[in-house]
Structure formats: C-alpha cells, structure tokens
Amino acid sequence: MAYSEDHIALAAEYALGTLDAEERAQVETMMAVDSEFAALVQAWQFRLGPLNQMVGLVEPRPVVWDNIKAAIGHASAPQAPLVLPETPATTVTPPPSPITDDPEFGSAFDPDEPQPPSEIRRLPEARQPRVIFDERNVTALTNRVKRWRGIASAATAIAAALLATLGLQIYKPDALPNAMRPKPRIQTVEVKTPAPALTPSAQYVALLQGQNGGPAFILTIDGATKNFTVRKVGAASEPGRSFELWLISDKLPQPRSLGVIGADDFTARPVLSGYDPDVINGATYAVTVEQAGGSPNGQPTSAPIFTGKLIETVPGASASPPR
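Residues numbered from 1 in each chain as written. Predicted model: local features only at pLDDT ≥ 70, side-chain atom pairs only at ≥ 80, totals over all residues. Heavy atoms only, no water.

**Some details on the overall build of the protein**
- A tally of regular secondary structure across the protein gives six helices and nine strands.
- In the protein, buried positions account for 24% of the 323 residues.
- Taking the intrachain contacts of the protein between residues at least 6 apart in sequence as the baseline, contacts between residues at least 24 apart amount to 62%.
- Of the roughly 23,800 Å² of accessible surface on the protein, 57% is carried by carbon and sulfur atoms. (Helix = DSSP H or I, 4+ residues; strand = E, 2+ residues; numbered from the N terminus. Buried < 20%, exposed > 50% of the residue type's maximum accessible area, 1.4 Å probe, protein only. Contact = heavy atoms within 4.5 Å. Areas by Shrake-Rupley, 256 points an atom, 1.4 Å probe, with all protein chains shown as cover.)

What follows is the structure, given as structure tokens:
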C-alpha cells in the first residue's frame, strides 16, 4: 500500500517521539489495524532509534510557543480595514430672538433653573468592525506547525548523528560498532632488494692416475654445491666395458658408487650432496672397469686402476672444505 507524505511524516514523528498523546493514540490505532503501516513505523524506529539516543532533547522556552499561538491567532482571519463613519453636516440654526423676562415665569436666564438648549444634535457612534475568529483554521495551522516541527527535529537529529558518526570514524573508530567502522586500507609496497653479491666457493681437484703415472681422469668438486665433474684425459675405454667412479673412506663400511663415467669428455654428477664434508675431503676416489652399464651389485667387481685424493685449488670465502 502506498502512503502519503503525511502518513510517512506521522510514522517518523512517532518513531522520534514528538507527537502528543492524542496523535500517538491515533498512530497506535492505525498500527493495530494496518500491519503495513506498523511495518512502516518499525522501519522508521530502526532508522532513527540509534540516532535519537545520540542527540539530547532540547525544549524550547514557553514564550516561543506563546508567540507562535499569538501569531496564528492574528493571522487566521484577516481584519477588515477600520472605516470611520462620515460626520453629517452641521445645521446652522439662527440665534433665537431675545427672550424677555416674563413676569409669570420669571427670567429665562434664571440661574436657579438652567434650561437646556432648544436643539441638540448627537453624532452617531462609530461602529467597530467585527473580527471573525474561526477555530478550525487555528487547529489546522497548529497541526501543520507540529508536523513541520517534527520533520525539522528529525532532520536535525539525522544531521547531528551523521556528523557525530563521521567524526568518530575519523578520530575514534574503535568507539563505533564493527558494521560502522571504516574498512582499513591496505596498501602493498614492493621493495626491491638488490641481489647479494656472489661469494666465490672453494674448488677441489683430484688427479686420478694409475701405477704407470700420468693422469687418466681429472675430478673437480665445487665446495658450495658439492657437484663434481669428471674430465677424461688419458684413459681409453674398452668395447663392452664401462668406467665407474667410487668413493672409498674409512668412515664408510664399504665403497660407494658415484656412477658410471660417460663416453664424452665431461661427466657431471650431483650425487655428493648427501655426504659429510669430512668424508668428501678425506676420501679416496677410484675408477674400476666394470661391465657395460656399471657394477650389477653396487660393489666394485675388479681392483681400482686409477685413484686420487682431493686438493684445494681455489680457496673459498671462509677457506673451508665443502659442506
């Protein structure tokens, strides 16, 4: 159901509590018989209830309302302009003939018996205009003043509440409920950190040679990554056979295979990362000749033909063994 502006203003004034007892009773009766109007009043109470609690009541002085009622009383019915009646023209009466003393009645100018003038004309009384005072006009204007006063109070309360809420959001947001707090602004700042300078790592080399002398392989190990590279120098491979590299250390129960050396000049492997630095630095590196593809059981099947130990060729930043 669509309601007029008067119904909406009446619901808002009821939510604010600015109606008198008679008007409140009228609104409550309308709410009892009209569920949609009751929902309208509840909606205004939900909007204006918290705002009304934040604003104190301001009662005008009694003289303000007296002045309003006096102004309404004077302005309800326009007064007719005051018109004075016209004064009739004065009739000029000739003076009476001289009165002589009558011996029977005495003198006409006897001071003991004053005689009234023979002709006296009275002026008609001026009529005052009647002021017609209509009580219905005063009632209508009074209700209108109350309605506009309620609307003005509601607007003032809303403006004050909005101003207070804005001030709290800026200066003291923790005092507001979570739903009314301003959302924190997240700003992402990208900080570019320069890449750290490369620290030179230590380099270790082992010359793997046989009993006849002369290097057959050169083993190079990087101290930072523990990756090794095998460089074939003078060893000649046999058909159907493969060279396999082994790590032999007294700290290990048996030799450990580091893989088959490929047919190319260089073979790189990262398999030393699981060993301790002391084992890598103090071990003996050996090469055996195995069947194609390497040892079948993970142990050398023949005696080593080339061996060698690591020496540090390039010191690192801390001059420490590979870790």
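Next comes the rest of the description.
**With respect to a nonpolar patch on the surface**
- Together, Val63, Val64 and Ile68 line one region of the surface with nonpolar side chains, adding up to about 190 Å² of accessible area.
- Of note, Ile68 is situated in helix α4 (residues 62-76).
- We classify Ile68 as partly exposed; its relative accessible area is 30%. (Patch = residues over 30% accessible without salt bridge, like charges linked within 9 Å, V, L, I, M, F, W, Y side chains within 5 Å. Salt bridge = Lys/Arg side-chain N within 4 Å of Asp/Glu carboxyl O.)

**Examining the nonpolar core**
- Among the nonpolar cores identified, the biggest contains 27 residues, and Phe217, Leu219, Ile221, Leu245 and Tyr285 are the most heavily contacted of them.
- For this core, the secondary-structure elements that each account for two or more residues are β1 (203-209), β2 (215-222), β3 (228-232), β4 (241-248), β5 (256-261), α6 (277-282) and β7 (284-291).
- Counting 15 residues, the second largest nonpolar core, distinct from the first, contains Tyr3, Tyr14, Val41 and Trp44. (Core = buried A, V, L, I, M, F, W, Y, C linked by side-chain atoms within 4.5 Å.)

**Notes on the pairing of β1**
- With seven bridges joining them, β1 and β2 adopt antiparallel strand pairing. What sits directly across from Ala206, in β2, is Leu219.
- Hairpin connection, β1 to β2: the antiparallel pair is bridged by five residues, and Gly213 has positive phi, about 85°.
- Sheet topology places β1 next to strand β9 (residues 311-314); three bridges connect them, and they run antiparallel. When the sheet's bridge partners are listed, Val205 is paired in β9 with Ile311. (Pairing = 2+ DSSP bridges.)

**Comments concerning helix α1 (residues 5-16)**
- For α1, which comprises twelve residues, the first-to-last C-alpha distance of 16 Å matches the rise-based estimate of 16 Å (1.5 Å per residue) to within 8%.
- Regarding α1, the residues found buried are Ala9, Leu10, Ala11, Ala12, Glu13, Tyr14, Ala15 and Leu16.
- Where α1 terminates, the next one or two residues include Gly17, which has phi positive at roughly 80°. (Expected span 1.5 Å × (residues − 1).)

**Some points on the environment of Ala224**
- If you trace the backbone, Ala224 turns up in the loop between β2 and β3.
- Through-space distance from the C-alpha of Ala224 to that of Ser201 is 5.5 Å; in sequence the pair is 23 residues apart.

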